[in-house]
Amino acid sequence: MVSKIDYATGRLEGCFRADFRGESFPWVREGTFRFRGARLFQEAFTYPLLLDDATVRVRGKGECDFEGEGSWGGSLFHFSGRTGAVFTPAAMKLSGS
């Protein structure tokens, strides 16, 4: 199980609605995030996890649908699924144009 990603590179496109509930971070109410050419690095990984194309859709109450494809080492994979309201706040630094 991976508890965190050390760092990531790639392209992120998205559109979302957020609330500020007095915390120092926004709470995403709903939205869509698309990752292209992403590389996820974590100390326990022998190789970076490559996400060629992945989409996360946040629905009301923190529930998410996700799907995508990528590779790890020489292995190709496809994934999809749904979560309940299980996400906790996290810090994220975004940069680019």
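Let's talk about the overall build of the protein chain
(1) Moving on: Scanning the protein chain for helices and strands turns up zero helices and five strands.
(2) Moving on: Listed N to C, the secondary structure of the protein chain is β-β-β-β-β in terms of helices and strands.
(3) Moving on: Put simply, the protein chain has 97 residues, and 19% of those count as buried.
(4) Moving on: Sequence separation of at least 24 residues holds for 31% of the intrachain contacts in the protein chain that already meet a minimum separation of 6.
(5) Moving on: As displayed, the protein chain has an accessible area near 7600 Å², and 54% of this comes from carbon and sulfur atoms.

Comments concerning the sheet that holds strand E5 (residues 75-83)
(1) Moving on: Pairing is antiparallel in the open sheet, where five strands are placed in the order E1-E2-E3-E4-E5. Only two strands of the sheet have a single partner each, and these edge strands are strand E1 (7-19) and E5. When strand polarity is set aside, the average angle formed by the axes of neighbouring strands in this sheet is 5 degrees.
(2) Moving on: Bridge count between E1 and strand E2 (residues 27-41): twelve bridges; the pairing is antiparallel.

Points about the pattern of salt bridges
(1) Moving on: A full pass over the atoms with the stated rule returns seven salt bridges.
(2) Moving on: Here Asp 19 and Arg 29 are joined by a salt bridge, their closest N and O atoms 3.6 Å apart. Of the two residues, Asp 19 sits in strand E1 while Arg 29 sits in strand E2, which places them ten residues apart along the sequence.
(3) Moving on: Owing to a relative accessible area of 26%, Asp 19 belongs among the partly exposed residues under this scheme.
(4) Moving on: Judged by its relative accessible area of 38%, Arg 29 falls in the partly exposed class.
(5) Moving on: Taken together, the salt bridges that share partners define one network made up of Arg 59, Asp 65 and Arg 82.

Observations concerning the confidence of the model for the protein chain
(1) Moving on: With 81% of its residues at a pLDDT of at least 70, the protein chain reaches an overall mean of 82.
(2) Moving on: Mean pLDDT values for the elements of the protein chain range from 88 in E1 up to 93 in strand E3 (residues 49-58).

A word on the side chain of Ser 71
(1) Moving on: With respect to the element layout, Ser 71 can be found in strand E4 (residues 64-72).
(2) Moving on: For Ser 71, a relative accessible area of 11% corresponds to the buried category.
(3) Moving on: Setting aside chain neighbours within four positions, we find Ser 71 in contact with Pro 48, Leu 49, Leu 50, Leu 76 and Phe 77.

Things to note about the packing of aromatic side chains
(1) Moving on: What the rule picks out here adds up to five aromatic pairs.
(2) Moving on: Ring geometry for Phe 66 versus Phe 79: centroids 6.2 Å apart, planes at 35 degrees, classification tilted. Of this pair, Phe 66 sits in strand E4 while Phe 79 sits in strand E5, and the two are 13 residues apart along the sequence.
(3) Moving on: The exposure class assigned to Phe 66 is partly exposed, which follows from its relative accessible area of 28%.
(4) Moving on: We classify Phe 79 as partly exposed; its relative accessible area is 25%.
(5) Moving on: Through a chain of ring-to-ring contacts, three or more aromatic side chains come together here, namely Phe 66, Phe 77 and Phe 79.

Parameters and conventions
- Residues numbered from 1 in each chain as written.
- Predicted model: local features only at pLDDT ≥ 70, side-chain atom pairs only at ≥ 80, totals over all residues.
- Heavy atoms only, no water.
- Helix = DSSP H or I, 4+ residues; strand = E, 2+ residues; numbered from the N terminus.
- Buried < 20%, exposed > 50% of the residue type's maximum accessible area, 1.4 Å probe, protein only.
- Contact = heavy atoms within 4.5 Å.
- Areas by Shrake-Rupley, 256 points an atom, 1.4 Å probe, with all protein chains shown as cover.
- Pairing = 2+ DSSP bridges.
- Axes fitted to C-alpha atoms, helices over the stretch in contact; angles between N-to-C directions.
- Salt bridge = Lys/Arg side-chain N within 4 Å of Asp/Glu carboxyl O.
- pLDDT = per-residue confidence, 0-100.
- Phe/Tyr/Trp six-rings, centres within 6.5 Å; stacked < 30°, edge-to-face > 60°.

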